[in-house]
Amino acid sequence: MFHLSNMIIKKVLLLIISFICILYSDTAVYEKFGDNFTIKKTDSGERLTVTAFATDSSCFYLYDMADRSIAQFDSSGTFITKYALQSIGRDTYVGDDFVIRGEEAIFLNTVDKRLEFFILKSGSLKKSIRFPRYIPGLAKQRRYRIISRIFLDSNTIFIGNNHSVFPIDENYARQKTTLSQVRNFPAKIILLLYKNQNSVFLKNRQIEWNQKTVQFKQEGYAMLGKQVGIVNDKLYLCKVDSTGITVTSAEFTDQE
């Protein structure tokens, strides 16, 4: 009986602590595992959960590899729905990273080197196009040439990684990219979100955006795709850990 009472007290304390954290951390989304999200493990021990984060002008989107779906939240953090995505030949994998463009969810499938275009509401695959194996250029280190990110700027798709990006011509089946189309960033800067006039960077453990900075500490599980997005001129960060998913707004200070 005493042991049971202790367990109840601990659970109540955890709920209180969680509520206080939400109250004072500008948390937009807080989802504990067990309701809309779960953690699954493969036979090989791989952990399957939310692995990428994206936004449009008014909503948050999370790609959940546990059930091959996209969860949608409005800007107030209210859960709207989950869109189940059509299988493309694998149990859960659709892509490493994604963007939302109108009624489309566009995934970067790094396994097959393809962009997968899904109709969001139905989850059906609309089309699939190839992208180049590597970012064009003379970078000797392979990690600078590997394509691992997809971005959206003024409805144009850009792919690349944390150091370089280039645009994709969706109407050209055999994408030809010239070196002049590639935009490179300094090696000491990590590109978190590409916007032509207003990109988000990580430098010296600080996120830089809009001539402002905020301290950044890597927490939770590593994600395959982006962890940041912009809604209503606010930058949001997504974190996934053993308890659930949290999306918080970044509190910036002006750069000196």
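Residues numbered from 1 in each chain as written. Predicted model: local features only at pLDDT ≥ 70, side-chain atom pairs only at ≥ 80, totals over all residues. Heavy atoms only, no water.

### Details of the nonpolar core
Judged by nonpolar contacts, the single largest core of 20 residues is most densely connected at Tyr63, Ile70, Phe98 and Phe107. At 3 residues, the largest contribution of residues to this core is made by strand 5 (residues 59-64). Formed by 19 residues, the second largest nonpolar core is a distinct cluster that contains Tyr194, Val200, Ile207 and Leu235. (Core = buried A, V, L, I, M, F, W, Y, C linked by side-chain atoms within 4.5 Å. Buried < 20%, exposed > 50% of the residue type's maximum accessible area, 1.4 Å probe, protein only. Helix = DSSP H or I, 4+ residues; strand = E, 2+ residues; numbered from the N terminus.)

### Digging into the pairing of strand 20 (residues 228-231)
Within a regular strand, side chains alternate between the sheet's two faces. Sheet analysis places strand 20 next to strand 21 (residues 234-240), joined by 4 bridges and oriented antiparallel. The residue of strand 21 that forms the bridge with valine 228 is leucine 237. (Pairing = 2+ DSSP bridges.)

### Focus on the confidence of the model for the protein chain
Predicted coordinates in regions of low pLDDT should not be interpreted in detail. Taken residue by residue, the protein chain gives an average pLDDT of 86. The fraction at 70 or more is 86%. Note that pLDDT drops below 50 for residues 1-24; the model gives that stretch 5 contacts with residues more than four away or on any other chain. (pLDDT = per-residue confidence, 0-100. Contact = heavy atoms within 4.5 Å.)

### Looking at the environment of phenylalanine 185
Secondary-structure assignment places phenylalanine 185 in the loop between strand 15 (183-184) and strand 16 (190-193). Sequence spacing of phenylalanine 185 and histidine 163 is 22 residues, and the spatial spacing of their C-alpha atoms is 5.3 Å. Here phenylalanine 185 is in contact with His163, Ser164, Val165, Leu191, Tyr194 and Phe201, once residues within four sequence places are set aside.

### Some points on the layout of surface pockets
It is a probe the size of a water molecule, rolled over the atoms, that shows where empty space is left. In this model, the second largest pocket occupies a volume close to 430 Å³. Taken together, 23 residues make up the lining of the second largest pocket; nearest its centre are Thr55, Asp56, Leu152, Lys195 and Ile230. Broken down by secondary-structure element, the contributors of at least two residues to the lining of the second largest pocket are strand 4 (50-55), strand 8 (97-101), strand 12 (149-153) and strand 20. (1 Å grid on protein atoms, 1.4 Å probe; cavity = no way out; pocket = protein on both sides within 12 Å on 5 of 7 lines; lining within 4 Å. Points joined across faces, edges and corners; volume = space filled by probe spheres on them.)

### Observations regarding the sheet that holds strand 20
Taken together, 4 strands build an open sheet; the order of strands is 1-22-21-20 and the sheet is antiparallel. Every other strand in the sheet has two partners, leaving strand 1 (27-32) and strand 20 as the edge strands with one partner each. Looking at each pair of strands side by side, their axes are set apart by 20° on average, direction ignored. Bridging between strand 1 and strand 22 (residues 244-249) involves 5 bridges; their strand directions are antiparallel. (Axes fitted to C-alpha atoms, helices over the stretch in contact; angles between N-to-C directions.)

### Brief notes about the sheet that holds strand 5
One open sheet holds the 4 strands; their spatial order is 4-5-6-7, and the pairing between them is antiparallel. A single partner strand is all that each edge strand has here, and the edge strands are strand 4 and strand 7 (79-84). When strand polarity is set aside, the average angle formed by the axes of neighbouring strands in this sheet is 20°. When strand 5 meets strand 6 (residues 69-74), the two strands line up antiparallel, connected through 6 bridges. For phenylalanine 60, the partnering residue across the bridge sits in strand 6 and is phenylalanine 73.

### Description of the environment of asparagine 162
If you trace the backbone, asparagine 162 turns up in the loop between strand 13 (156-160) and strand 14 (164-167). On the basis of relative accessible area, asparagine 162 is assigned to the partly exposed category, the value being 24%. When the C-alpha atoms of asparagine 162 and tyrosine 144 are compared, they prove to be 8.1 Å apart, with 18 residues separating the residues in sequence. When residues no more than four places from it in sequence are discounted, the contact partners of asparagine 162 are Arg149, Ile189, Ile190 and Leu191.

### Overview of unusual backbone geometry
Its identity is not glycine, yet asparagine 155 carries a phi of approximately 70°, on the positive side. Asparagine 155 sits in the exposed class, given a relative accessible area of 54%.

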